[in-house]
Amino acid sequence: MSGAPGRALKGRRSMCGRCANMDAMAPTNNRYPVTLSDVASVDLPKENAGGSVLACLDLTTVPATPGCYLMRDRADKVIYVGKAKHLRNRLRTYVNDQDSRHMVKFLAQRLARVEFLITTTEKEALLLENSLIKEHRPRYNVRLRDDKTYVSVRLAVQEAFPRLMVVRRHRRDGACYFGPYSSAQAVRETLRTINRVFPLRKCSDSVMRNRTRPCLYYQMGECLAPCVGLVDQETYRDVVKQVVMLLEGRDDQLEKLLLDEMNAQAAALEFEKAAVLRDRLQALRHTQERQRTVALHGAPDRDVFGLYEQGRYLEIMVLFYRGGKMLGGRAFSFVRTEMPREELFSSFLLQYYATTPSVPAEVLTPLELEDAEALASVLSDQRGSKVTIHAPQRGEKRALVEIASRNARSSFEEKRLSERAHRDVLEQIRQALHLREIPARMECFDISTIQGEKAVGAMTTFTDGAPDKSRYRRYTIRQVQGQDDYAMLREVLLRRYRRGVEEHDLPNLSVVDGGKGQLNVALAVFKDLGIEDVAIVSIAKARSLREEGGHSPERFFVPGRKNPIILPQDSPVVHTLARLRDEAHRFGITYHRLRRTRSTVRTRLTEIPGVGAKRAKKLLTKLGSAARIAQASEEQIAAVPGFSASLAKTIKTYFDAAKMQADQREDS
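Reading the values: the criteria
Residues numbered from 1 in each chain as written. Predicted model: local features only at pLDDT ≥ 70, side-chain atom pairs only at ≥ 80, totals over all residues. Heavy atoms only, no water. Pairing = 2+ DSSP bridges. Helix = DSSP H or I, 4+ residues; strand = E, 2+ residues; numbered from the N terminus. Axes fitted to C-alpha atoms, helices over the stretch in contact; angles between N-to-C directions. Buried < 20%, exposed > 50% of the residue type's maximum accessible area, 1.4 Å probe, protein only. Polar contact = N/O pair within 3.5 Å; in protein donor to acceptor, adjacent residues only side chain to side chain. Contact = heavy atoms within 4.5 Å. Expected span 1.5 Å × (residues − 1). pLDDT = per-residue confidence, 0-100. Salt bridge = Lys/Arg side-chain N within 4 Å of Asp/Glu carboxyl O. Patch = residues over 30% accessible without salt bridge, like charges linked within 9 Å, V, L, I, M, F, W, Y side chains within 5 Å. Areas by Shrake-Rupley, 256 points an atom, 1.4 Å probe, with all protein chains shown as cover. Parallel < 35°, antiparallel > 145°, perpendicular 65-115°, else oblique. Nonpolar A, V, L, I, M, F, W, Y, C, P; charged D, E, K, R; others polar.

Peer 1: Looking at this model, I keep getting lost on the sheet that holds strand S13 (residues 362-364). Mind explaining?
Peer 2: Within a sheet, each strand pairs with its neighbour through backbone hydrogen bonds, oriented either parallel or antiparallel. Spatially, five strands are ordered S12-S11-S10-S13-S14 in an open sheet, and the strand pairing comes out mixed. Strands with a single pairing partner mark the edges of an open sheet, and in this sheet they are strand S12 (325-335) and strand S14 (388-390). For this sheet, the mean inter-axis angle between neighbouring strands, taken without regard to orientation, is 15°. The pairing of strand S10 (residues 302-310) with strand S11 (residues 313-322) spans nine bridges and is antiparallel. Looking at the pairing, Leu307 lines up with Ile316 of S11.

In structure tokens:
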């Protein structure tokens, strides 16, 4: 069964549990980031399905190599993915009932087939397991649902005049990256402080190339204006060096450097330059006083993980230490589904570092991991240098793990309190709107248009009282011409809920923005689709009544009731539903504005023969606006990458003709 190391995937073999007949099937598998040696599967007898199916497994058909095994149910759906240094030994623990994991009895009841993917090393098996979990999303494996990447600060020191940027990906482009940071808002606030103290440029490369005079930041003293040559590269590099020292946490060295330079400038009677350095030094000291944290001098960059469990719930906290200082942390919540915490934590680490922009030199964990060596090898490849994974038992490092674990417990308790508060609000919504069940999932719809032009629909979702942005949807209105809000809403609702019926994906409560008319549209759609178990409500926005000198509150219209339900305007029910409605309104307006912007570009530039969306973008980036393009010469247009002299002449002719027509209209 086992192939030679490094051999390409050669085929899939199907083996019955009671006989060893093997039928070769078509090869091909390029989905996984490892070289597979062989693939095989064992079909368990149908008559034993639901019983002790693992007892029929013939271990002689199981490869004695590293690899992964996929357990499938009777519907051929993958329900569990596991890895092993020795597949036959691992499956033997299942057959001989030696696996003490509580989840095994649930797997045995549903298991119908076992499939093997053989690798050459344990490290490859680890990578393959992660890929398979992402692809199949098995019920009994842990999945890192929150895959949001962290933000970092990028400084392209190789450029002549670099600037600070907030990014979410690290690239091997010669730039310096600082982070990761868990809060994008906090990072941007920090950069605003840095930009006030260290006057680096803020504008993009294209804006900088096209400026002819300094911007407002220069007049405010927050930019050195390299765009118009008011600073030489050497002076600018000195400021860049100071910013790097600050971001690396070398505050003491930076303070000494600024003090020495200030004294040197004062001794040379350059009092204006000395005053600038004095102000910069004072601002730095003020920032240090407000943001000083406990530092571990000489410590390598490290991530420290803590863990807290209560029943079947598990909270994992990671704290980031960079340059000896703690930059922040992030918590992750899991329902263990009977999985051992060691296996869960190991799977979590690999998925976590697949999305994080940087890997530190040291990872401290609260648990001893069986595959720590293979995982460290994977992370070392990702980092480009050695990474160690260690579960300290005593000393300073153990104290750091305990701090992370206490933070994990605190995060768990905060989330439980928040969940209880959300459940209480949802119960209040159920009672106020006379619903049959708690609206655990609520969807809200809104239409955004200007006199029927570029009309769009938006759907936002709240799950357990909080925004669930993975379920947000936006719709381009296709079937309605002109201004007909009711018809547009009907189109959006039909598209959403026709698919929802097919996929058995319906919410508990559907909310539409508007009054009784919008409610009746939703009721008609639900009747056409045969939906009976989804509650419907429409929400009419509060507004001022100028003619009466009064105020119309938020009103809720429900089926079977003539008058709206009016609740206390400061109640949690009104706040939650109004927030859901406002989020749909914001989401729809954003999409509508995007469509209008794209349309504007198309009507002015892409109507020109030979100019598509990409070339139009290049023109706007280089010259700034359609008006400046119209004023530009053929030579200036031809100088833009991707534009020839003949195309530049065509563009110039187009704008000249448009100007002539406009002049003629004015004369007439």
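Picking up where we left off.
Peer 1: Mind showing me how you'd approach the side chain of Glu315 here?
Peer 2: Inspection of the secondary structure puts Glu315 in strand S11. A residue is classified by how much of its surface remains accessible, and Glu315, at 0% relative accessible area, is buried. Of the polar contacts made by the side chain of Glu315, one reaches the side chain of Ser411; its length is 2.8 Å. Excluding residues within four positions of it along the chain, Glu315 makes contact with Gly306, Leu307, Tyr308, Ala331, Phe332, Ser333, Ala408, Ser411, Phe412 and Lys415.

Peer 1: Can you help me understand the pairing of S12 in this one?
Peer 2: Each regular strand carries side chains that alternate between the two faces of the sheet. Bridge analysis of S11 against S12 gives 10 bridges, and the strand direction is antiparallel. Its bridge partner lying in S12, Val318 is registered against Arg330. Connecting the antiparallel pair S11 and S12 is a turn made up of two residues, with Gly323 showing a positive phi of about 60°.

Peer 1: Help me understand the pairing of strand S16 (residues 453-463), please; the structure alone is not making it clear to me.
Peer 2: Most of S16 sits inside the fold, with eight of its 11 residues counted as buried. As judged from the nine bridges shared by strand S15 (residues 441-450) and S16, these two strands associate in the antiparallel manner. Bridge pairing in S16 places Ile450 opposite Glu453. Taken together, the four bridges between S16 and strand S18 (residues 473-476) define a ladder with antiparallel strand orientation. From the neighbouring strand, Met459 faces S18, where its bridge partner is Arg473. Bridge analysis of S16 against strand S17 (residues 466-467) gives two bridges, and the strand direction is antiparallel.

Peer 1: How should I be thinking about helix H11 (residues 372-383) in this particular structure?
Peer 2: Given 3.6 residues per helical turn, the α-helix brings residues three or four places apart onto the same face. Here H11 spans 16 Å end to end across 12 residues, near enough to the 16 Å set by a 1.5 Å rise per residue. All of the buried residues in H11 are Ala372, Ala374, Leu375, Ala376, Val378, Leu379 and Ser380. Against helix H3 (122-136), helix H10 (341-355), S13 and S14 lie the buried residues of H11. Taken from the residues just after H11, Gly384 is the one with a positive phi, measuring 90°.

Peer 1: I'm lost on the confidence of the model for the protein chain in this one. Help?
Peer 2: The predicted coordinates ought not to be read in detail in places where the model reports low pLDDT. Within the protein chain, residue pLDDT values average 78, and 80% of them lie at 70 or more. Predicted confidence for residues 1-38 stays below pLDDT 50, and this span has 90 contacts to residues more than four positions away or in other chains.

Peer 1: Is there a simple way to think about the pattern of salt bridges in this case?
Peer 2: It is possible for side chains of opposite charge to pair when their charged atoms get near one another. Following the criterion strictly, the structure yields 28 salt bridges and no others. A salt bridge links Glu413 to Arg409, with the nearest nitrogen and oxygen atoms 3.2 Å apart. Of the two residues, Glu413 and Arg409 are both situated in helix H12 (residues 395-433); the distance of four residues between them amounts to about one turn of the helix. Accessibility expressed as a relative area gives 38% for Glu413, which makes it partly exposed. A single network of salt bridges, built from pairs that share partners, joins Arg441, Glu443, Asp468, Arg471, Arg496 and Asp505.

Peer 1: Honestly, a nonpolar patch on the surface in this entry has me stumped. Any pointers?
Peer 2: Side chains of Leu216, Tyr217 and Met220 sit close together on the surface and give an oily, nonpolar patch of about 310 Å² of accessible area. Among the secondary structure elements, Tyr217 is positioned in helix H6 (residues 216-219).

Peer 1: Looking at this model, I keep getting lost on the packing of H10 against H11. Mind explaining?
Peer 2: The description of two helices packed together rests on the angle between their axes and the distance between the axes. Look at H10 against H11: their axes get within 11 Å of each other, and the N-to-C directions meet at 5°. With respect to H11, the element H10 is oriented roughly parallel. Side by side, H10 and H11 meet where Leu349, Leu350 and Tyr353 of the first sit next to Leu375, Val378, Leu379 and Gln382 of the second. Among the residues forming the contact of H10 with H11, the class breakdown is six nonpolar, one polar and no charged.

Peer 1: For this particular structure, what's the right way to read the packing of H3 against H10?
Peer 2: With their axes 10 Å apart at the nearest point, H3 and H10 run at an angle of 80° to one another. As summarised for this structure, H3 and H10 are arranged roughly perpendicular, according to the angle between their axes. Residues Leu126, Leu127, Asn130, Ile133 and Lys134 of H3 lie in contact with H10, whose contacting residues are Ser347, Leu350, Gln351 and Ala354.

Peer 1: Would you mind showing me how to read H3 here?
Peer 2: A rise of 1.5 Å per residue sets the reference length of H3, with its 15 residues, at 21 Å; its end C-alpha atoms lie 21 Å apart and thus fit the reference within 8%. Downstream of H3 by one or two residues, Arg137 has phi in the positive range, about 50°.

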